[in-house]
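Secondary and tertiary structure notes
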Amino acid sequence: MTGQRTRTIDRGEQAELSRLLAAGPFDVALRAAIRARGLGLDRIRYRLRGRGTTVSLATLSHWQSGRCRPERPESLEALRNLEDILNVPDGSLSKLLGPPRGRARFHVQAPPLN
């Protein structure tokens, strides 16, 4: 016994997951893939760690809530492992990320000179 939890998903769930993996958005597709796989975030983190990838629970939670997304090289590697753990096609979640977002800088604007 490997301790691997399996879950069967019905056709409707499978169709919805396929649609989300094709069109996104990333956070909704990730959440659906996690739900379909039937694993909690702690279990996913444990499996990622077994592959040499360290991701915090907060990070996984932020990815699936849309608060942030994987962008750094280490995070993109974690995402490739995550796709395998979630049994979704290679690159199906990665392609939903699109181009990297620009980094906003906060500047204090000086008051206008009169």
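In what follows, the accompanying structure is described. All values derive from a computational prediction rather than experimental measurement.

**Section: the overall build of the protein chain**
Along its length, the protein chain carries 5 helices and 0 strands. Ordered by position from N to C terminus, the α and β elements of the protein chain give α-α-α-α-α. A burial count over the protein chain gives 34% of its 114 residues as buried. Counting contacts in the protein chain only where the partners sit at least 6 residues apart, residues at least 24 apart contribute 62% of the total.

**Observations concerning helix H3 (residues 41-50)**
Among the residues of H3, Ile44, Arg47 and Leu48 are the ones counted as buried. Mapping the buried residues of H3 onto a view down its axis gives an arc of 100°, with all of them on the same face. Buried residues along H3 sit against helix H2 (26-37), helix H4 (57-65) and helix H5 (73-85). In the stretch just after H3, Gly52 is the one whose phi turns positive, near 85°.

**What about the nonpolar core?**
Phe26, Leu30, Ile44, Trp63, Leu82, Leu86 and Leu93 are the most contacted members of the largest nonpolar core, which has 25 residues in total. Looking at this core, the elements with two or more residues in it are helix H1 (11-23), H2, H3, H4 and H5. At 7 residues, the largest contribution of residues to this core is made by H2. In contact with Trp63, other than residues within four places in its own chain, are Phe26, Asp27, Leu30, Val55, Cys68, Arg69, Pro70, Ser75, Ala78 and Leu82.

**A few points about the side chain of Gln64**
When you line up the elements, Gln64 lands in helix H4. Not counting the four nearest positions on each side in its chain, Gln64 is found in contact with Asp27, Leu30, Arg31, Ile34 and Leu41.

**Remarks on the side chain of Arg37**
Among the secondary structure elements, Arg37 is positioned in helix H2. At 8.7 Å, Asp84 is the nearest oppositely charged side chain to Arg37, a buried residue that forms no salt bridge. For Arg37, the side chain forms a polar contact with the main-chain oxygen of Ile85, separated by 2.9 Å.

About the cut-offs
Residues numbered from 1 in each chain as written. Predicted model: local features only at pLDDT ≥ 70, side-chain atom pairs only at ≥ 80, totals over all residues. Heavy atoms only, no water. Helix = DSSP H or I, 4+ residues; strand = E, 2+ residues; numbered from the N terminus. Buried < 20%, exposed > 50% of the residue type's maximum accessible area, 1.4 Å probe, protein only. Contact = heavy atoms within 4.5 Å. Arc of directions from axis to C-beta. Core = buried A, V, L, I, M, F, W, Y, C linked by side-chain atoms within 4.5 Å. Lys, Arg positive; Asp, Glu negative; His and termini not counted. Salt bridge = Lys/Arg side-chain N within 4 Å of Asp/Glu carboxyl O. Polar contact = N/O pair within 3.5 Å; in protein donor to acceptor, adjacent residues only side chain to side chain.

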